[in-house]
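# What the coordinates show
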Amino acid sequence: MYRERVARLMEQLKAQELDALLVTNLPNIQYLTGFTGSTALVLASPGGCWFITDSRYTERVAKTLDPLYTLVDNTALKLVEDVWPKLDGAAAFKRVGFEAAHMSVAAQERYRAAAQFNWVATENIVENLRIVKDEGEIELIRQAVLLGERIFTELCGICGPDTTETDLAAEINYRSMKYGAEGVSFSPIIAAGPNSAMPHASYTLQKLVPGAPLTFDMGVRLNGYISDMTRTVFFKDCPEKWARIYNIVREAKDLAAAAIKPGMTGKQVDAVARNIITKHGYGDNFGHGLGHGVGIEVHELPRLAKVSELVLTPGMCVTDEPGIYLPGEGGIRIEDILVVREGGAENLNTLETGIKVIG
Ligand code: ZN
Ligand code: ZN
């Protein structure tokens, strides 16, 4: 698996006339090696690939690292000054890429001073490989989705008049770990009543508000892959006004999912949902994009947004998450994860999205 990914990376290096790429972005390192710790570098070239880490990780990595990599123990070495000469063949490199979005200016200066390559700023080389998921990755995302759904379903059963947003967020953290995930994939959003009007509310000591929306936006990280799901439910009662808005959001989400097919741009898919919401008069109340890629990270390429010209291809995994937000009153968002397939979208979520009253 990693050999195939590195082979695709080498095609990109060739296309960009690079002798090697220094990978510093940890999610990219996970993709290329499986490593999930906090300190590592990968230097990849057609003549050899090196995995550089320190003593906290060398024992674990030595057991699991694909033999295509040479493990370099950086303990007690000054990384920049001392490691390069130890890499057999690296001295002959001329053009070496670095990940411009993932290296500080200070680090760049140290690298430039230590190794007299022509350092080339690159963007999204590995991220672009990650856009299309293989079936193994899709299965991992599916498992994360199912665990997230299990936790959400349980939480709907424990909501009472004294439950706060923080109580529910804490339960998501606790249950994620208890059920075998590495943890949550992002700090949960639990937004009751007027708080649900803020798409990225966090959680507060606010108690659940009867007759108003309650938004859960949550996910888990399981075996290195994440889920991201939003459900808006109603505590005690769903008034007619909110039911009407809910059904508009649901229709927008369903029509976007039904429309997706390979060859469409992110912008075109976004427009399907946005047009429905605009037709009902709420265009100004849907400020964010329709969705984003998911995988190792919660926000990956491609984006489904007004500005996204990226063309969808089979294997891409994206969220479909339209919303309508009324400042001071509340908001509705529903979010599933879709896989772009040859014949359309496959929904990895299994939970119904009809109006749900809890408590
Ligand atoms: Zn979300
Ligand atoms: Zn999302």
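So, here's what we can say about the structure.

Procedures and definitions
- Residues numbered from 1 in each chain as written.
- Chains lettered and ligands numbered in written order.
- Predicted model: local features only at pLDDT ≥ 70, side-chain atom pairs only at ≥ 80, totals over all residues.
- Heavy atoms only, no water.
- Helix = DSSP H or I, 4+ residues; strand = E, 2+ residues; numbered from the N terminus.
- Buried < 20%, exposed > 50% of the residue type's maximum accessible area, 1.4 Å probe, protein only.
- Contact = heavy atoms within 4.5 Å.
- Expected span 1.5 Å × (residues − 1).
- Donors = N, O, S within 2.8 Å, 3.2 Å for Na, K, Ca; no water.
- Tetrahedral: all angles 85-135°; square planar, octahedral: opposite > 155°, others 65-115°.
- Disulfide = S-S within 2.5 Å.
- Salt bridge = Lys/Arg side-chain N within 4 Å of Asp/Glu carboxyl O.

Mapped onto the elements of the fold, Gln 30 is located in helix 2 (residues 26–33). Relative accessible area serves as the criterion here: at 13%, Gln 30 is assigned to the buried category. If sequence neighbours within four positions are ignored, Gln 30 has contacts with Tyr 2, Phe 35, Thr 36, Gly 224, Tyr 225 and Ile 296.

In this section: the environment of Val 23. With respect to the helices and strands, the residue Val 23 is situated in strand 1 (residues 20–23). Taking the relative accessible area as the measure of exposure, Val 23 reaches 0% and is therefore buried. Through-space distance from the C-alpha of Val 23 to that of Val 105 is 16 Å; in sequence the pair is 82 residues apart.

Now for helix 8 (residues 165–178). The first and last C-alpha atoms of helix 8 sit 20 Å apart over 14 residues, in line with the 20 Å expected at 1.5 Å per residue. Buried residues along helix 8 sit against helix 7 (135–156), strand 7 (183–184), strand 8 (189–192), strand 9 (213–218) and strand 10 (220–222). Following helix 8 by one or two positions, Gly 180 has its phi on the positive side, about 100 degrees.

Coordination of the zinc ion (ligand 2) by the protein comes from Asp 228 (OD), His 292 (NE2), Glu 321 (OE) and Glu 335 (OE), over a distance range of 2.1 to 2.2 Å. Coordination geometry of the zinc ion (ligand 2): the four donor atoms subtend angles of 79 to 155 degrees at the metal centre, consistent with an arrangement described as irregular. Read in sequence order, the donor residues coordinating the zinc ion (ligand 2) give the pattern D-x63-H-x28-E-x13-E. Between the two metals, the zinc ion (ligand 2) and the zinc ion (ligand 1), the spacing is 3.1 Å, and Asp 228 donates to both. Here His 292 is found in strand 13 (residues 291–293), whereas its partner Glu 321 is found in the loop between strand 15 (317–320) and strand 16 (323–326), with 29 residues between them in sequence. Across the pair, Glu 321 and His 292 agree in class, each one buried.

Moving on, we get to the state of the cysteines. Within this structure, the stated rule accounts for zero disulfides. With no disulfide partner, Cys 156 has as its closest neighbouring cysteine sulfur the one in Cys 159, 6.1 Å distant.

Take the coordination of the zinc ion (ligand 1) next. Coordination of the zinc ion (ligand 1) by the protein comes from Asp 217 (OD), Asp 217 (OD), Asp 228 (OD) and Glu 335 (OE), over a distance range of 1.9 to 2.7 Å. Around the zinc ion (ligand 1) sit four donor atoms; with metal-centred angles ranging over 53 to 148 degrees, the donor geometry is irregular. Sequence spacing of the donor residues for the zinc ion (ligand 1), all on one chain, is D-x10-D-x106-E.

Applying the stated rule across the entire model yields 25 salt bridges. A salt bridge links Glu 171 to Arg 175; the nearest nitrogen and oxygen atoms lie 2.9 Å apart. Note that Glu 171 and Arg 175 are positioned in helix 8 at a spacing of four residues, about one turn of the helix. Here Glu 171 falls in the partly exposed class, since its relative accessible area comes to 24%. Residue classification places Arg 175 among the buried residues on the basis of a relative accessible area of 15%.

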